[in-house]
Amino acid sequence: MKAKTNDQLEHSRPLDVHKWSDYPEVNLWVNKLWKVYLDSEYPEATTAGKRPKASIKQQFKVLLLDLYVAWLEDPELLIGVSLTKSSYKPNSRYNALHISYVIVGIIHYLNSIDLIRLHRGAESTRRTTRIWPSEKLIELFKVSEVTNLMIDIHKDKEVIILNGARTNEEGETTGVVKELEYKDEDYDQIPRMRQEVKKYNELLRTSFIDIGDLKKPVVEQEYWDRSKRRMVTRQVHISHHNKFVRRVFYRGDWKLGGRFHGGFWQQIKEKRKNILINDHRSVELDFSGLHINLAYALEGLKPLQGDPYSVDLLFDTTQQQQREWMKGLSLMLINAKDEKKAIQAFRSAQPTGSEAKRFTNREVKQLIGTFTEKHQKISKYFCSDSGVVFMNIDGAITAKVIKHFTDLKEPILSVHDSYICREGVKDNLIEVMNEAITETLGGYVIGIKANKELEDIASRTVEGVLDLSKMKDLYLNRPEDTKRCEEYENRWEQHKEWLH
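Worth saying up front: this structure is predicted, and the values here are computed from it rather than measured.

K.L.:
Help me out: how do you make sense of the overall build of the protein in this one?
P.N.:
Counting secondary structure elements, the protein contains 14 helices and 20 strands. Across the protein, contacts joining residues at least 24 apart in sequence account for 69% of those joining residues at least 6 apart.

K.L.:
Looking at this structure, how should I read the packing of aromatic side chains?
P.N.:
Each aromatic ring pair is summarised here by two numbers: the centre-to-centre distance and the angle between the ring planes. Under the counting rule described, the total for this entry stands at 22 aromatic pairs. Ring geometry for Phe264 and Trp265: centres 5.2 Å apart, planes at 70 degrees, overall edge-to-face. Ring geometry for Trp325 versus Phe359: centroids 5.0 Å apart, planes at 75 degrees, classification edge-to-face. Taken together, the residues Trp325 in helix α8 (residues 319-335) and Phe359 in the loop between α9 (339-349) and α10 (361-374) connect sequence positions 34 residues apart. Take Trp325: its relative accessible area is 5%, and that puts it in the buried class. In this structure an aromatic cluster arises from ring pairing among Trp29, Tyr68, Trp71 and Phe141. Between the NZ or CZ atom of Lys61 and the centre of the ring of Trp20, over which it lies, the distance is 3.8 Å. Sitting above the plane of the Tyr182 ring, Arg93 keeps its charged end 3.9 Å from the centroid.

K.L.:
When you look at the pairing of strand β3 (residues 78-81) in this model, what are you seeing that I'm missing?
P.N.:
Looking along a regular strand, one sees the side chains alternate between the two faces of the sheet. Side chains Leu78 and Gly80 of β3 all project onto a buried face; the interleaved residues Ile79 and Val81 project onto the opposite face, where all are buried too. Bridge analysis of strand β1 (residues 12-14) against β3 gives three bridges, and the strand direction is parallel. Bridging across to β3, Pro14 finds its partner in Gly80. Inspection of the sheet shows β3 paired to strand β5 (residues 129-133) by three bridges, in the antiparallel sense. Within the sheet, the bridge partner assigned to Ile79 lies in β5 and is Ile131.

K.L.:
Just to check I follow, could you spell out the sheet that holds β1 for this structure?
P.N.:
For sheets, the rule is that strands pair by backbone hydrogen bonds, running either parallel or antiparallel. Here four strands make up an open sheet; going across it, the order is β1-β3-β5-β4 and the pairing mixed. Since the sheet does not close on itself, it has two edges, and those belong to β1 and β4 (116-119), each with one partner. On average, adjacent strands in this sheet sit at an angle of 30 degrees to one another, irrespective of strand direction. Along the sheet, helix α3 (residues 56-73) makes contact with β1, β3, β4 and β5, crossing β5 at roughly 75 degrees. Sheet contacts for helix α4 (residues 102-112): β3, β4 and β5; angle to β4, the most-contacted strand, approximately 115 degrees.

K.L.:
So what exactly am I meant to see when it comes to the environment of Ala356 here?
P.N.:
Within the element layout of this structure, Ala356 appears in the loop between α9 and α10. Under the relative-accessibility criterion, Ala356 is labelled buried at 2%. The spacing of Ala356 and Trp325 is 31 residues in sequence and 8.1 Å in space, taken between C-alpha atoms. If we ignore the near neighbours within four places in the chain, the residues touching Ala356 are Trp325, Phe346 and Gln350.

K.L.:
Hey, could you run me through unusual backbone geometry in this one?
P.N.:
Both trends apply: most residues other than glycine have a negative phi, and most peptide bonds are in trans. Phi at Asp114 is positive, roughly 65 degrees, even though this residue is not glycine. The phi dihedral of His416 is positive, around 65 degrees, even though this residue is not glycine. Along the chain, His416 turns up in the loop between β16 (413-414) and β17 (418-422).

K.L.:
Looking at this model, I keep getting lost on the confidence of the model for the protein. Mind explaining?
P.N.:
Detail in the predicted coordinates should be disregarded across regions flagged by low pLDDT. With 90% of its residues at a pLDDT of at least 70, the protein reaches an overall mean of 90. Contacts of residues 168-172 to residues separated by more than four positions or lying in other chains number three contacts, the stretch itself having pLDDT below 50. pLDDT under 50 marks residues 456-460. Its contacts with residues more than four places away, or in other chains, come to 10 contacts.

K.L.:
What is the right way to look at the side chain of Asp66 in this model?
P.N.:
Take Asp66: it is sitting in helix α3. Apart from the residues within four sequence positions on either side, Asp66 is in contact with Arg13, Pro14, Leu15, Asp16, Lys19 and Ile79.

K.L.:
Please explain the pattern of salt bridges as it appears in this structure.
P.N.:
Applying the stated rule across the entire model yields 33 salt bridges. Close ionic contact of Asp385 with Arg251 constitutes a salt bridge, the shortest N to O distance being 2.7 Å. In this pair, Asp385 is assigned in the loop between α10 and α11 (387-407) and Arg251 in the loop between β12 (245-249) and β13 (257-262), connecting sequence segments 134 residues apart. Among the residues examined, Asp385 registers a relative accessible area of 18% and is labelled buried. Using a relative accessible area of 45% as the deciding quantity, one classes Arg251 as partly exposed. With its nearest N and O atoms 3.2 Å apart, the salt bridge here joins Glu439 to Lys400. Of this pair, Glu439 sits in helix α12 (residues 426-440) while Lys400 sits in helix α11, and the two are 39 residues apart along the sequence.

K.L.:
It is not clear to me how α12 should be interpreted in this structure. Could you clarify?
P.N.:
Note: α-helices contain 3.6 residues per turn, so residues at a spacing of three or four share the same orientation. Counted at 1.5 Å a residue, the expected span for α12 with its 15 residues is 21 Å, and the 21 Å between its end C-alpha atoms agrees. Considered for burial, the residues of α12 that qualify are Leu429, Val432, Met433, Ala436 and Ile437. One side of α12 holds all its buried residues, which, seen down the axis, span an arc of 135 degrees. Seen from the buried face of α12, the exposed residues on the opposite side, beyond 90 degrees, are Asp427 and Glu439. Where α12 is buried, its residues contact β15 (280-287), α7 (290-298), α11, β17 and β18 (448-450). At the C-terminal side of α12, Gly442 shows a positive phi close to 65 degrees.

K.L.:
Explanation requested: the environment of Thr406 in the structure shown.
P.N.:
Looking at the secondary structure, you find Thr406 in helix α11. Look at Thr406 and you get buried, because its relative accessible area is 6%. Spatially, the C-alpha atoms of Thr406 and Val197 are 9.4 Å apart, while their sequence positions differ by 209 residues. Ignoring sequence-local partners within four residues, the contact set of Thr406 consists of Lys199, Tyr200 and Leu203.

Conventions and cut-offs
Residues numbered from 1 in each chain as written. Predicted model: local features only at pLDDT ≥ 70, side-chain atom pairs only at ≥ 80, totals over all residues. Heavy atoms only, no water. Helix = DSSP H or I, 4+ residues; strand = E, 2+ residues; numbered from the N terminus. Contact = heavy atoms within 4.5 Å. Phe/Tyr/Trp six-rings, centres within 6.5 Å; stacked < 30°, edge-to-face > 60°. Buried < 20%, exposed > 50% of the residue type's maximum accessible area, 1.4 Å probe, protein only. Lys NZ or Arg CZ within 6 Å of the ring centre and 35° of its normal. Pairing = 2+ DSSP bridges. Axes fitted to C-alpha atoms, helices over the stretch in contact; angles between N-to-C directions. pLDDT = per-residue confidence, 0-100. Salt bridge = Lys/Arg side-chain N within 4 Å of Asp/Glu carboxyl O. Expected span 1.5 Å × (residues − 1). Arc of directions from axis to C-beta.

Below, the structure written as structure tokens:
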């Protein structure tokens, strides 16, 4: 077997311990493979004794389905797995299927009978063990009649998450986030929130959310990797399996955070404007300068007039470029604990080789000083670690918006302080966003803007009749977000067949 390169080993995702299916076709397929390859090694226990909560066959099923989904989406994608016992907590609320250390034994056995390949991880590289299907298993995948849409996320996967930072032996924060156990009695809103998010996920599961001009449903997206301290490129899969959303609270505190996380739309930028929802064109609406405006509202001040990020030109650059710096810097000022961390965050976020990447501390402080002077009335929130508090407010606003449209069976996609909807729902969404803001902030109003203009087809009509002479130009010069390639059309047809 040819060894994997570092780049190939990096092209991976963690094992999803909640991959599941109740389709008879899937169970028949799993049982067949179990009988041929594992039945003799793992005979059914007939004597009394301690047994894992999840049977060995159930754990094999989870592993097999996740390998299969990864291979269907991207044959080069590897699965990262931990081989340590402490990584598997069958009684955790974040492990609904009670996957235990038993699965490690299954992994080793499948490797020994040449159904999967394995590359051992190493602490020195901070890389978990990687597994992937062997050629033998791939041949079994190729003849399987199980489709991608038959496999989903288990209905009991936890959707309300309480995060906290990991600490080392000295009790110092490491910056690595872990999920904290909790009881529903800890916060009386948990059952309601869980019910709402589960209902929302069920709507997302049955909705078709895709990008029409993508032959292969994958978007390459650059992002800042904090551990590597550099920009890296990842592949974001636009798929049925990348729509699951959770509501996450931070630092072990139900009053911090509470934002909605998940969904491929949160991982892409430029292509987001081309999303189609149930084959309808979409538009994204966001609150202008939300966190800046939240600060004004909390101080009992009137809504901010004008562009919150526009100041006199400080450097030899364009007004638009400086505005982008100010916009990014404003969030860092609100999120940072002190000015030093705000400066570090600003510089780290700038593209390699850019002008701002080379800014000295004095130049960044000049930006900070000018912005602070413009917003002197709310300056107490700068470098005060207020971001997680503001996120709790915008999370509550988003919850109101999502619940309203989920009850109407209308999928709205959240990107924290902005929302993507079908173009026909735009006016209703604006109304609901305004209601959510005024209800949360006691009558306060924040401006809303769209990410693109939408042309009403009525402009192509004469006395209510469509003017066909104008349609050829409209078709030839149609924007990207109305284009649909053959591969997209096939995915849409498969989704409709699956629903029925």
